[in-house]
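# Fold and contact review
Here is how the chains run, residue by residue.
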Amino acid sequence: KKEVKKVKKTADKVLALEEKYASMSDKELTSQTDILKGRLANGETLDDILPDAFAVCREGAWRVLGMKHFPVQIIGGIVLHQGRIAEMKTGEGKTLVATLPAYLNALTGEGVHIVTVNDYLAKRDGEWMKPIYDALGISSACILHSTDIADKKEMYKNQIVYITAREAGFDFLRDFVANTPEDCVQTDFDFCIADEADSMMIDEA
């Protein structure tokens, strides 16, 4: 309860910014991505810009998908950004929750991986959430088992990548035994969100 109370204070700051971003035009909302990147470049931390970044992503989701993150989903997003496990029941909107920390961490210019348990979920979630990232000027892609190696290399360069744990694992192993650096497909590992963490890290580990 104490931990949730702390996180809730930050979530309240996000909710307080709703009107500010709702009053902006689509172009103004998209420009916030560059403004937030500028704040990071000027020495602010991800935690400093979190309320604004989450509020921007929330407004973007509302405009393109008609979905607005509920307070409990904002709390889930903050917990994921902190590198912790957020336990949410089926139907509580984990897919939408992940867009908040994914967008925030993509603002660093480094890669974000959203790792799921199977190709169906990676494809569904990647395609479903893509309009949010597109609207905010963030590139995203979905890598499947059937994706060609040459295509993978390009897809990994996107700021947000949806992929299965199995595929990411095998790509890592293949890169590890590649003959030349040019044969490697993966980029640096910076921030990862694991969907179904219990299944992925315990059952299938």
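All figures in this text were calculated on a predicted structure; none of them were measured in a lab.

### Notes on the side chain of Lys152
- The topology assignment puts Lys152 in helix 8 (residues 149–155).
- Given the relative accessible area of 1%, Lys152 is considered buried.
- The contact partners of Lys152, leaving out residues within four places of it in the chain, are Ile143, Leu144, Thr147, Glu167, Asp171, Arg174 and Val185.

### Focus: the sheet that holds strand 4 (residues 191–194)
- Taken together, the 4 strands give an open sheet; going across it, the order is 2-3-1-4, and neighbouring strands pair in parallel fashion. Either end of the sheet is taken by a strand with one partner, and the two such strands are strand 2 (140–142) and strand 4. Mean inter-strand twist for the sheet, computed between neighbouring axes without regard to direction, equals 20 degrees.
- This element, helix 9 (residues 165–176), spans strand 1 (112–116) and strand 3 (160–164) of the sheet and lies at about 100 degrees to strand 3.

### Thoughts on the packing of aromatic side chains
- Across all of its chains, the model carries 3 aromatic pairs by this definition.
- Geometrically, the ring pair formed by Tyr133 and Tyr162 is tilted, given 6.5 Å between the ring centres and 40 degrees between the ring planes. Within this pair, whereas Tyr133 is found in helix 7 (residues 119–135), its partner Tyr162 is found in strand 3, the two being separated by 29 residues in sequence.
- With a relative accessible area of 0%, Tyr133 lands in the buried category.

### A short note on the environment of Gly126
- For Gly126, the position within the fold is in helix 7.
- When neighbours within four sequence positions are excluded, Gly126 is seen to be in contact with Leu121 and Tyr162.

### Some remarks on empty space enclosed by the protein
- Here the structure, examined in full by the defined rule, presents 1 cavity of 30 Å³ or more.
- There is about 40 Å³ of room inside the largest cavity.
- In this structure, the largest cavity is lined by Val14, Glu18, Ala55, Arg58 and Glu59.
- Considering every element that reaches the lining of the largest cavity, the biggest residue donor is helix 4 (residues 46–65), with 3 residues.
- Considering only residue class, the lining of the largest cavity consists of 2 nonpolar, no polar and 3 charged.

### A closer look at the pattern of salt bridges
- Here the structure, examined in full by the defined rule, presents 18 salt bridges.
- Across the pair Arg63 and Glu59 runs a salt bridge whose closest N-O atoms are separated by 2.8 Å. Taken together, the residues span about one helical turn, with Arg63 and Glu59 both in helix 4 at a distance of 4 residues.
- The exposure class assigned to Glu59 is buried, which follows from its relative accessible area of 6%.
- With its nearest N and O atoms 2.6 Å apart, the salt bridge here joins Lys152 to Glu167. Within this pair, whereas Lys152 is found in helix 8, its partner Glu167 is found in helix 9, the two being separated by 15 residues in sequence.
- A single network of salt bridges, built from pairs that share partners, joins Lys20, Arg39, Glu44 and Asp52.

Criteria and cut-off values
- Residues numbered from 1 in each chain as written.
- Predicted model: local features only at pLDDT ≥ 70, side-chain atom pairs only at ≥ 80, totals over all residues.
- Heavy atoms only, no water.
- Helix = DSSP H or I, 4+ residues; strand = E, 2+ residues; numbered from the N terminus.
- Buried < 20%, exposed > 50% of the residue type's maximum accessible area, 1.4 Å probe, protein only.
- Contact = heavy atoms within 4.5 Å.
- Pairing = 2+ DSSP bridges.
- Axes fitted to C-alpha atoms, helices over the stretch in contact; angles between N-to-C directions.
- Phe/Tyr/Trp six-rings, centres within 6.5 Å; stacked < 30°, edge-to-face > 60°.
- 1 Å grid on protein atoms, 1.4 Å probe; cavity = no way out; pocket = protein on both sides within 12 Å on 5 of 7 lines; lining within 4 Å.
- Points joined across faces, edges and corners; volume = space filled by probe spheres on them.
- Nonpolar A, V, L, I, M, F, W, Y, C, P; charged D, E, K, R; others polar.
- Salt bridge = Lys/Arg side-chain N within 4 Å of Asp/Glu carboxyl O.

No statement about biological role is implied by the geometric values presented.
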